[in-house]
Amino acid sequence: MPFVTVGGTRLHYECHGFGEPVVLVAGAGAAGTSWLPYQVPALVEAGYRACVYDSRGIPPSDECPQGFEVTELAADLAALIEHLATEPVRLVGTSMGAHVVQELALARPELVRRAVLLAGRARSDPLRAHLALADVELGDSGVILPPAYRAAVRALQMLSPRTMDDETEIQDWLALFEREPPAGPGVLAQLALQPMPDRRAAYADITVPCHVISFADDLVAPPRYGRELADSIPGATFDVVDDAGHFGYLERPDTVNKIISRYFALADTRDGKTSRP
């Protein structure tokens, strides 16, 4: 089981395939394995080396229950990139992972060739900040909600109406959510980062090419915030995926993968490289 150590913190990672590396950064509370069903196979088939990792807070990486900042998560990602590659890499991040990629693109642009930002935003708002802090407060209280209740609430927050109305598909999602354990200290530390400050002015200094993908039914990061993020980053492009909630990369993986593939292929063309299929 491979690890990289950053300032005493161990991060678990794994890579699949061969070729130019693409590093995928998961959202709050999600393991790197969340990319394995859909995005990793598509990237490997396209000729990339797809690398996923568990951010600090997610075992088997160190949980760091004392808490941490987004800057530390960005430094972790920088160290992983330097461990994996000698040249700038392509990045894909979702939700908190997009936030981490955005901060890395700002602080260490020499490490990033291109970035795709899923379910991203440049700031929080009162309602969503309140929800994130309420989740942390609930976790700190020691109250453990019944798995069936947690699963139903998570489905309502994270999925699109189309998925929820599909009686077969929603059963699979509910079963998956019921198997998730209650949030541990590392996950709570990640959730505490969700009320992000307003970074619109700062992101005007990002020089890395970025593509933002929002999901039409996303209640956590609605498309208007993705559009705002794209407008904040010079030259950034923007797409919206229909019939998808916050977990749109898992709900509509074929559409998301096509957008990622098209953006990376366009990058190859513009950079004078041979486009991948």
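Everything discussed here concerns the structure shown above.
1. Things to note about the packing of helix H5 (residues 147–158) against helix H7 (residues 167–179)
- At a minimum axis separation of 8 Å, H5 and H7 run at an interaxial angle of 125°. Taken together, the axes of H5 and H7 lie oblique to each other. As H5 runs across H7, the sense of the crossing is right-handed. Together, Pro 147, Ala 148, Arg 150, Ala 151, Ala 152, Arg 154 and Ala 155 of H5 and Ile 170, Leu 174, Phe 177 and Glu 178 of H7 make up the contact between the two elements.
- Its residues assigned to classes, the contact of H5 with H7 shows eight nonpolar, no polar and three charged.

2. Points about the state of the cysteines
- Scanning the entire structure with this criterion turns up one disulfide.
- Here Cys 210 stays unpaired: no disulfide links it, and the sulfur of Cys 51, its closest cysteine neighbor, is 19 Å away.
- Assessed through its relative accessible area of 3%, Cys 210 is described here as buried.

3. With respect to the nonpolar core
- In this structure, Val 23, Leu 77, Leu 91, Leu 104, Leu 117, Cys 210 and Ile 233 are the most contacted members of the largest nonpolar core, which totals 45 residues.
- Element by element, the count of residues in this core is highest for helix H2 (residues 70–84), at nine residues.
- Not counting the four nearest positions on each side in its chain, Leu 104 is found in contact with Ala 74, Leu 77, Ala 78, Ile 81, Leu 91, Pro 109, Leu 111 and Val 112.
- Counting 33 residues, the second largest nonpolar core, distinct from the first, contains Trp 35, Met 158, Phe 247 and Val 256.

4. Regarding the side chain of Ser 124
- Checked against the element boundaries, Ser 124 lands in the loop between strand S6 (112–118) and helix H4 (126–141).
- Excluding residues within four positions of it along the chain, Ser 124 makes contact with Ala 129, Gln 194, Pro 195 and Met 196.

5. Observations concerning the packing of aromatic side chains
- Under the definition given, this model contains six aromatic pairs.
- For the pair Tyr 48 and Phe 264, a centre-to-centre distance of 5.8 Å together with 65° between the ring planes defines the contact as edge-to-face. Within this pair, whereas Tyr 48 is found in the loop between helix H1 (39–45) and strand S4 (49–53), its partner Phe 264 is found in helix H12 (residues 253–270), the two being separated by 216 residues in sequence. For the pair formed by Tyr 48 and Phe 264, the shared burial category is buried.
- The interplanar angle of 45° and the centroid separation of 5.5 Å between the aromatic rings of Trp 173 and Phe 177 together place this pair among those described as tilted. On the criterion of helical spacing, the pair formed by Trp 173 and Phe 177 is a turn pair, its members being four residues apart in helix H7.
- Classification of Trp 173 as buried rests on a relative accessible area of 9%.
- Exposure remark for Phe 177: the relative accessible area of 2% places this residue in the buried category.
- An aromatic cluster of at least three residues, connected via ring pairs, comprises Tyr 48, Tyr 263 and Phe 264.
- Its guanidinium or amino end placed over the ring of Phe 3, Arg 10 lies 3.9 Å from that ring's centre, counting from NZ or CZ.
- Residue placement shows Arg 90 over the ring face of Phe 264; its charged tip is 5.0 Å from the ring centre.

6. With respect to H5
- Look at H5: 16 Å from first C-alpha to last across twelve residues, which is about the 16 Å you get at 1.5 Å a residue.
- Of all the positions in H5, only Ala 151, Ala 155 and Met 158 are classed as buried. Taken down its axis, H5 places every buried residue within 90° of arc, on the same side.

7. Some thoughts on the sheet that holds strand S8 (residues 237–241)
- The eight strands are arranged S1-S2-S4-S3-S5-S6-S7-S8 in an open sheet whose pairing can be described as mixed. The open sheet terminates on both sides in strands that have one partner only, identified here as strand S1 (3–6) and S8. Between one strand and the next, the sheet's axes are offset by a mean angle of 25°, whatever the strand orientation.

Criteria and thresholds
- Residues numbered from 1 in each chain as written.
- Predicted model: local features only at pLDDT ≥ 70, side-chain atom pairs only at ≥ 80, totals over all residues.
- Heavy atoms only, no water.
- Axes fitted to C-alpha atoms, helices over the stretch in contact; angles between N-to-C directions.
- Helix = DSSP H or I, 4+ residues; strand = E, 2+ residues; numbered from the N terminus.
- Parallel < 35°, antiparallel > 145°, perpendicular 65-115°, else oblique.
- Left-handed = near helix turned anticlockwise from the far one by under 90°.
- Contact = heavy atoms within 4.5 Å.
- Nonpolar A, V, L, I, M, F, W, Y, C, P; charged D, E, K, R; others polar.
- Disulfide = S-S within 2.5 Å.
- Buried < 20%, exposed > 50% of the residue type's maximum accessible area, 1.4 Å probe, protein only.
- Core = buried A, V, L, I, M, F, W, Y, C linked by side-chain atoms within 4.5 Å.
- Phe/Tyr/Trp six-rings, centres within 6.5 Å; stacked < 30°, edge-to-face > 60°.
- Lys NZ or Arg CZ within 6 Å of the ring centre and 35° of its normal.
- Expected span 1.5 Å × (residues − 1).
- Arc of directions from axis to C-beta.
- Pairing = 2+ DSSP bridges.

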